[in-house]
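Observations on chain architecture
Given next are the chains, with one letter for each unit.
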Amino acid sequence: QAQLVESGGGLVQPGGSLRLSCAASGITLRAWVVDWYRQAPGKEREWVGTIAQDSGPAAYTDSVKGRFAISRDDDKNAVYLNMNSLAPQDTGLYYCHAHRARDASFWGQGTQVTVSS
């Protein structure tokens, strides 16, 4: 059974940076499309960005373009969300999601990011 585990969240001041990790077991993550989502308190889950399979490109929601970047480490079977210039509106529970056509999809349990002074 595949499993995704997010880590790297925490409390950071506005303008700071964090790197979130999404580590996979049971699947080879480079063969899967991986999304990052976030959910702020009282709000619906929001798509943050996606990285394509293998060495494909990444796409981002407008509010994080130029500040966030998704990358892969195939040796570690992981995907990262590098977040810079964090702002209070980036606060939320961040999830990774792996999926591909004609196959199951998997969600992690989430990691909390809080941006506050």
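Relevant structure appears above.
Quantities reported herein were computed from a predicted structural model and do not represent experimental measurements. One numbering rule holds for all chains: residues counted from 1, following each sequence as written. Residue-level local features of this predicted model are given only where pLDDT is at least 70; pairs of side-chain atoms are given and counted only at 80 or more, and the full residue set underlies all totals for whole chains, interfaces and linings. Calculation of side-chain values draws on the structure's entire complement of heavy atoms; hydrogens and water are dropped beforehand.

**Some words on the nonpolar core**
Test applied: Nonpolar cores were defined as sets of buried Ala, Val, Leu, Ile, Met, Phe, Trp, Tyr and Cys residues, with membership established by side-chain atoms within 4.5 Å. The buried label goes to any residue with under 20% of its type's maximum accessible area, the exposed label to any with over 50%, and the partly exposed label to all in between, with areas taken from a 1.4 Å probe on protein chains only. Secondary structure follows DSSP: runs of H or I at least 4 residues long count as helices, runs of E at least 2 residues long count as strands, and numbering of each begins at the N terminus. Residues count as neighbours in contact if any of their non-hydrogen atoms are within 4.5 Å of one another.
One finds Leu-4, Ile-27, Trp-36, Leu-81, Met-83 and Tyr-94 to be the most contacted residues of the largest nonpolar core, which totals 28 residues. Looking at this core, the elements that each hand over two or more residues are strand S3 (18–25), strand S4 (33–39), strand S5 (46–51), strand S7 (68–73), strand S8 (78–83), strand S9 (92–99) and strand S11 (111–115). Counting residues per element, this core draws most heavily on S3, at 4 residues. Non-local contacts of Leu-4, meaning those with residues more than four positions away in its chain, are made with Cys-22, Ala-23, Ala-24, Ile-27, Leu-29, Cys-96, His-97, Ala-98, Phe-106, Trp-107, Gly-108 and Gln-109.

**Remarks on the sheet that holds strand S1 (residues 3–7)**
Formally: Pairing between two strands is assigned when DSSP locates at least 2 bridges connecting them. Structural elements are reduced to axes, namely lines fitted to C-alpha atoms, with helices fitted over the stretch in contact, and the angle between N-to-C directions of any two is expressed from 0 to 180 degrees.
Read from one edge of the open sheet, 4 strands run S1-S3-S8-S7, paired in antiparallel fashion. Whereas interior strands pair on both sides, the edge strands pair on one side only; in this sheet they are S1 and S7. Strand-to-strand, the axes of this sheet are offset by a mean angle of 20°, without reference to chain direction. Direction of pairing for S1 relative to S3: antiparallel, over a ladder of 5 bridges. Pairing of Ser-7 across the sheet is with Ser-21, part of S3.

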